[in-house]
Amino acid sequence: MKQSVFGLVVALSLTACKEEPRGKMEPIPRPPGMKDAPPPAEAAPVAAAEPPVDPSKVVLRWKIAQGAPTSYRLDIERTGGAPASTEEDTRPKSARGKGKEKPASVAVALPGPVTYFMERTDSGDYRLRVIPVGRDANANADADTATLSERGFVLDGLQGATRNTATLVLELPRDAVGTGDTWSLGTELIRVEALGPQFQADQPERINRVKLASLTPADGGEQVATLEYDLSEKLAGKVLAKDAPPTSPARAAEEDAEADDSERPRPRATPEGSASAEVRITGRGEFLVKAGRWRSWEGTVTSVTKGGFPTAALQVPAGALKLRLTAVESPPTPTAQPQQ
């Protein structure tokens, strides 16, 4: 009897320990046929904040109002005399004195002195007109025209030396720049495509660097950005004989393999000598950041060819030149919009 009572007490104790705590919430079963609620929508991603503007950097842009063109005169002074011949005959002695005339130096037409008229169209686009000094600024037939970006990048409309010179004095950096930063210009000083099949070119050597040398304060909250220019291109190669088409080394080996032992080797182009060209440009300009215009700009262009280099490939004026850009205070207003 005592054992039965003891077992009953133990059983009741175990049952009491398994009781659920009071106040516990039980989920209410969903009525039959009711669909599950859609999951909560995710919160929209927060847009990344734009990086803060670096106070040590500036954005260089042309500031030209509609109806108020900005104009500059580019003066060009030849400092080394006309390049009558800068070529040196480096052909083998056996190839000289056989009635073959040495190629004459062909000077690229000078792009100036010219006046640059930068203006805003009714649509807000930037337009450049390049007028030879002494010509009527209202005569559209005498003008080379081009479209520009806000930073002076030539989009279209100019070619050769005219384009390179305008790029040199008008193009500004794409991004914000600080003291010591460098960037490149959209220039092509030697056009490899114009060399022709008789010239076997080596790998060109190029330097294309503009540097923000300093940022200095000026009156009225203005800042003066001093830019330094260092551009050069050098290209060398071999001039081939004109009495036979140029032959690659692989094609020459194939021709020798096809020829019989008793058959004379087929004629092929042979190098006459080496030829080269070098273009060097240096410059320095002071740009007013707030006003969006040049305070001063000066530079030099030097080009030298040797050994019969095809000077038609040069995309700058030949010889040694000094360039100087000065603002034109009262540019004439064109009577009609220039045609593209």
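Above this note sits the structure.
In short, a report on the structure. Please read these numbers as outputs of a predicted model, since none were measured by experiment. (Residues numbered from 1 in each chain as written. Predicted model: local features only at pLDDT ≥ 70, side-chain atom pairs only at ≥ 80, totals over all residues. Heavy atoms only, no water.)

## Describing the overall build of the protein chain
If you tally the helices and strands in the protein chain, you get three helices and 14 strands. Taking all 340 residues of the protein chain together, 36% fall into the buried category. Long-range pairs, those at least 24 residues apart, make up 68% of the contacts in the protein chain with a sequence separation of at least 6. (Helix = DSSP H or I, 4+ residues; strand = E, 2+ residues; numbered from the N terminus. Buried < 20%, exposed > 50% of the residue type's maximum accessible area, 1.4 Å probe, protein only. Contact = heavy atoms within 4.5 Å.)

## Let's talk about the packing of aromatic side chains
The final tally for this structure, using the stated rule, is five aromatic pairs. Summarising the aromatic geometry, the rings of tryptophan 62 and tyrosine 72 are spaced 5.9 Å apart at their centres and angled 65° between planes, so their arrangement reads as edge-to-face. Within this pair, whereas tryptophan 62 is found in the loop between strand S1 (57-58) and strand S2 (70-78), its partner tyrosine 72 is found in strand S2, the two being separated by 10 residues in sequence. Here tryptophan 62 matches tyrosine 72 in class, with each residue buried. Here tryptophan 62 and phenylalanine 287 contribute two aromatic rings whose centre-to-centre distance is 5.5 Å and whose plane-to-plane angle is 90°, an arrangement assigned as edge-to-face. In this pair, tryptophan 62 sits in the loop between S1 and S2 while phenylalanine 287 sits in strand S12 (residues 271-288), placing the two residues 225 residues apart along the sequence. Assessed through its relative accessible area of 1%, tryptophan 62 is described here as buried. One aromatic cluster is present, formed by Trp62, Tyr72, Phe287 and Trp294 through successive ring pairs. Taking NZ or CZ as reference, arginine 129 lies 5.1 Å from the ring centre of phenylalanine 117, over its face. (Phe/Tyr/Trp six-rings, centres within 6.5 Å; stacked < 30°, edge-to-face > 60°. Lys NZ or Arg CZ within 6 Å of the ring centre and 35° of its normal.)

## Overview of helix H2 (residues 160-170)
Three- or four-residue spacings in an α-helix give side chains the same orientation, since the helix completes a turn every 3.6 residues. For H2, a buried count of nine out of 11 residues is recorded, marking the element as mostly surrounded by other parts of the structure. Taken together, the buried positions of H2 are occupied by Ala161, Thr162, Asn164, Thr165, Ala166, Thr167, Leu168, Val169 and Leu170.

## Some thoughts on the pairing of strand S10 (residues 205-217)
In this structure, strand S8 (residues 182-183) lies alongside S10, joined through two bridges in antiparallel fashion. When the sheet's bridge partners are listed, threonine 182 is paired in S10 with lysine 211. Sheet analysis places S10 next to strand S11 (residues 223-240), joined by 12 bridges and oriented antiparallel. Each bridged residue has a counterpart across the sheet, and for arginine 206 the counterpart in S11 is glutamate 233. Between the antiparallel neighbours S10 and S11 lie five residues, among them glycine 220 with a positive phi of about 70°. (Pairing = 2+ DSSP bridges.)

## A look at empty space enclosed by the protein
Across all of its chains, the model carries two cavities of 30 Å³ or more by this definition. There is about 80 Å³ of room inside the largest cavity. Around the largest cavity, the lining comprises 12 residues; the ones closest to its centre are Thr165, Leu168, Val301, Val316 and Pro317. Top element by residues in the lining of the largest cavity is H2. It accounts for three residues. (1 Å grid on protein atoms, 1.4 Å probe; cavity = no way out; pocket = protein on both sides within 12 Å on 5 of 7 lines; lining within 4 Å. Points joined across faces, edges and corners; volume = space filled by probe spheres on them.)

## Observations concerning the environment of tryptophan 62
Expressed as a C-alpha distance, the spacing of tryptophan 62 and phenylalanine 287, which sit 225 residues apart in the sequence, is 9.8 Å. Within the structure, the side chain of tryptophan 62 is placed 2.8 Å from the backbone oxygen of leucine 170, a separation counted as a polar contact. (Polar contact = N/O pair within 3.5 Å; in protein donor to acceptor, adjacent residues only side chain to side chain.)

## Some points on the pattern of salt bridges
In the structure shown here, the tally under the stated rule is 11 salt bridges. Measuring nitrogen to oxygen at the nearest pair gives 2.6 Å for the salt bridge that ties arginine 73 to aspartate 75. Here arginine 73 falls in the partly exposed class, since its relative accessible area comes to 32%. Notably, a salt bridge pairs aspartate 175 with arginine 174, separated by 3.3 Å at the nearest N-O pair. Overall, arginine 174 belongs to the exposed group, its relative accessible area being 57%. (Salt bridge = Lys/Arg side-chain N within 4 Å of Asp/Glu carboxyl O.)

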